[in-house]
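Coordinates in review
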Amino acid sequence: MTTRRSFLRWSAFAVSLSPVRSLFALPKSAAVKPIVVSTWDSGLAVNAAAWKVLKPGGYALDAVEESARSIESEISCCVGLGGNPDREGHVTLDACIMNEKYDCGSVAGLERILHPISVARKVMETTPHVMLIGEGAQQFAVANGFKLEEDKLSADAEKSYKEWLKKSEYKPLMNIEQQQGKTPKRAAGGPFAPNQFEDGSFNHDTMGTIAMDAKGRVSGSCTTSGMAFKMRGRIGDSPIIGAGLYVDGEVGAATSSGQGEEVIRLGGTHLVVEFMRNGATPMEACKKAVERLVKINPKKAKDFQVGFIAINLQGEVGAYSVNKGFSYAVTKADDGGKVFMAESYYK
Ligand code: SD4
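Figured I'd write up the structure that's included with this text. Keep in mind the model is a prediction, meaning the values are calculated, not measured.

Applying the stated criterion across every chain yields a total of 17 salt bridges. With a closest N to O distance of 3.0 Å, Lys-55 and Asp-334 form a salt bridge. Highlighted residues: Lys-55 in the loop between helix 2 (43-54) and helix 3 (60-72) and Asp-334 in the loop between strand 11 (327-331) and strand 12 (338-341), separated in sequence by 279 residues. Here Lys-55 and Asp-334 have matching classes, each one exposed. Of the charged contacts, one joins Arg-234 and Glu-261 as a salt bridge, the two residues approaching to 2.8 Å between their closest N and O atoms. Of this pair, Arg-234 sits in the loop between strand 6 (218-224) and strand 7 (245-248) while Glu-261 sits in helix 8 (residues 260-266), and the two are 27 residues apart along the sequence. Note on Glu-261: relative accessible area 26%, which makes it partly exposed.

Below, the discussion takes up the site of the ligand. Neighbouring the ligand are 13 residues; Asp-205, Thr-206, Asp-237, Ser-257 and Gly-258 lie closest to it. With respect to the ligand, the side chain of Thr-206 contributes an N or O atom lying 2.8 Å from an oxygen atom. Within the backbone of Gly-258, a nitrogen or oxygen atom sits 2.7 Å from a nitrogen atom of the ligand. Considered on its own, the ligand offers 290 Å² of accessible surface; in the complex 100% of this is hidden by protein. Residue composition of the shell around the ligand, by class: two nonpolar, eight polar and three charged.

Extensive coverage of strand 11 is indicated by the burial of five of its five residues. Residues Ser-327, Ala-329 and Thr-331 line one face of strand 11 and the alternating positions Tyr-328 and Val-330 line the opposite face, and both faces are buried. Looking at chain direction, strand 1 (residues 35-39) and strand 11 are connected through four bridges and run antiparallel. In the strand pairing of strand 11, Val-36 is matched with Thr-331. Where strand 11 lies against strand 12, four bridges are found, and the strand directions are antiparallel. By the bridge assignment, Ser-327 is partnered in strand 12 with Met-341. What sits between the antiparallel neighbours strand 11 and strand 12 is a turn of six residues, in which Gly-336 has the positive phi angle 85°.

All chains considered together, the criterion is met by six aromatic pairs. Their ring planes at 10° and their centres at 6.2 Å tell us that Tyr-161 and Trp-164 sit as a pair that is stacked. Taken together, the residues Tyr-161 and Trp-164, both in helix 6 (residues 155-167) and three residues apart, mark about one turn of the helix. Both residues of the pair, Tyr-161 and Trp-164, count as buried. A ring pair is formed by Tyr-345 and Tyr-346, whose centres lie 4.9 Å apart and whose planes are at 75°; its orientation type is edge-to-face. By relative accessible area, Tyr-345 is classed as partly exposed at 35%. It is Lys-288 that lies over the ring of Phe-275; its NZ or CZ is 4.9 Å from the centre.

Neighbouring strands of a sheet are bound in pairs by backbone hydrogen bonds; such pairs are parallel or else antiparallel. A sheet is described by the order of its strands in space; here eight strands give the open sequence 4-3-2-6-5-1-11-12, paired in mixed fashion. The open sheet terminates on both sides in strands that have one partner only, identified here as strand 4 (131-133) and strand 12. Between one strand and the next, the sheet's axes are offset by a mean angle of 10°, whatever the strand orientation. Sitting on the sheet, helix 2 is in contact with strand 1, strand 5 (206-212), strand 11 and strand 12, with an inclination near 155° to strand 1. Each of strand 2 (93-98), strand 5 and strand 6 touches helix 3; the most contacted strand, strand 6, lies at about 15° to it.

Glancing now at helix 2. Between its terminal C-alpha atoms helix 2 stretches 15 Å, which fits the 16 Å expected from twelve residues at 1.5 Å a residue. Listed in full, the buried residues belonging to helix 2 are Gly-43, Val-46, Asn-47, Ala-49, Ala-50, Trp-51, Val-53 and Leu-54. Of the surrounding elements, those touching the buried residues of helix 2 are strand 1, helix 3, strand 5 and strand 11.

In this section: the packing of helix 4 (residues 116-126) against helix 5 (residues 134-143). Where helix 4 contacts helix 5, the axes come no closer than 10 Å and their chain directions differ by 85°. By the angle between their directions, the pair helix 4 and helix 5 is classed as roughly perpendicular. Taken together, the residues of helix 5 that come into contact with helix 4 (itself represented by Val-119, Lys-122, Val-123 and Thr-126) are Ala-137, Phe-140 and Ala-141. For the contact of helix 4 with helix 5, the per-class residue count stands at five nonpolar, one polar and one charged.

Turning next to the pairing of strand 2. Burial analysis of strand 2 places six of its six residues in the buried class, which makes it a mostly covered element. Of the two faces of strand 2, the one holding Leu-93, Ala-95 and Ile-97 and the one holding Asp-94, Cys-96 and Met-98 are both buried throughout. With five bridges connecting them, strand 2 and strand 3 (residues 104-110) associate as antiparallel partners. When the sheet's bridge partners are listed, Leu-93 is paired in strand 3 with Leu-110. Between the end of strand 2 and the start of strand 3, which pair antiparallel, lie five residues, with Tyr-102 showing a positive phi angle near 70°. Sheet topology places strand 2 next to strand 6; five bridges connect them, and they run antiparallel. Paired with Asp-94 across the strands is Thr-224, a residue of strand 6.

Rules used in this analysis
- Residues numbered from 1 in each chain as written.
- Predicted model: local features only at pLDDT ≥ 70, side-chain atom pairs only at ≥ 80, totals over all residues.
- Heavy atoms only, no water.
- Salt bridge = Lys/Arg side-chain N within 4 Å of Asp/Glu carboxyl O.
- Helix = DSSP H or I, 4+ residues; strand = E, 2+ residues; numbered from the N terminus.
- Buried < 20%, exposed > 50% of the residue type's maximum accessible area, 1.4 Å probe, protein only.
- Near = heavy atom within 4 Å.
- Polar contact = N/O pair within 3.5 Å; in protein donor to acceptor, adjacent residues only side chain to side chain.
- Areas by Shrake-Rupley, 256 points an atom, 1.4 Å probe, with all protein chains shown as cover.
- Nonpolar A, V, L, I, M, F, W, Y, C, P; charged D, E, K, R; others polar.
- Pairing = 2+ DSSP bridges.
- Phe/Tyr/Trp six-rings, centres within 6.5 Å; stacked < 30°, edge-to-face > 60°.
- Lys NZ or Arg CZ within 6 Å of the ring centre and 35° of its normal.
- Axes fitted to C-alpha atoms, helices over the stretch in contact; angles between N-to-C directions.
- Contact = heavy atoms within 4.5 Å.
- Expected span 1.5 Å × (residues − 1).
- Parallel < 35°, antiparallel > 145°, perpendicular 65-115°, else oblique.

Remember, this is a structural readout, not a statement about activity or role.
Printed below as a string of structure tokens:
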């Protein structure tokens, strides 16, 4: 007969087994690899840059650096130097990179440098530090041969900044299409097009990429111009290891986009990876992290956006966001990749 005590004992045993079971759900040899996953619809184009490295058997770290560089080079876009400035009119960039061995590098508040992701990698590979900020980061970049670009806003950013100056109101209602009441530009034939609304303003300013190469090594990168019209000196989650990006060679990787302050508070991507370590699938892990975010923000969560994406060593992919409107791109074969809309807590 099953007594209450023996039932509890059995259910505890079953619970303790479930992480083990899911770890062995797919033998490692059957893992889907190489694979690359990026935030947002524009993730499709950056995945293509990563794929050029991954397809011939290259290193995941090189792939995620290439993906970030490709969007940083798009001066007409929202992520790098073409992005929106802070409220004093300066574009300040944040980026970080991490490999499967816990090596990581980061820059924050970096100005006038085209490729913050490569500066972050230099920090990782050539200094005893993880993170450099502001003037020091810029000096380090220039000393390492990075060109100091002109201090100038892109045409789109200048237009948005002038518009913003009229009211000078800081309202980070980002990525939530229905709340912004704006229509995202859709590409002919494609589900989502550039990261812009029809009026030219951007719907996000960050690119996170996570990848696993043919040898099963995971890496990640995250690059951003940060929240538009932020206070001077404000740093979000994107360059913070464990917030905007986390990689664990034994488990997988996660990155985030959205309201950085909320992700920092939670240690968001580290939490996602730890959920996976304890047996959650990438999808379950992203969902649990979002649920935690909503729980600690019961009143505010409807008004901000945070989305997580994650992969594990089996090449399984997950994504989840607080509000509707968070898309992500998955490329795992020569089919050009695919964009998906993440499930969200608020429907
Ligand atoms: C930040 N997480 O600076 C970034 C912003 C972002 O799409 O993701 N924008 O807080």
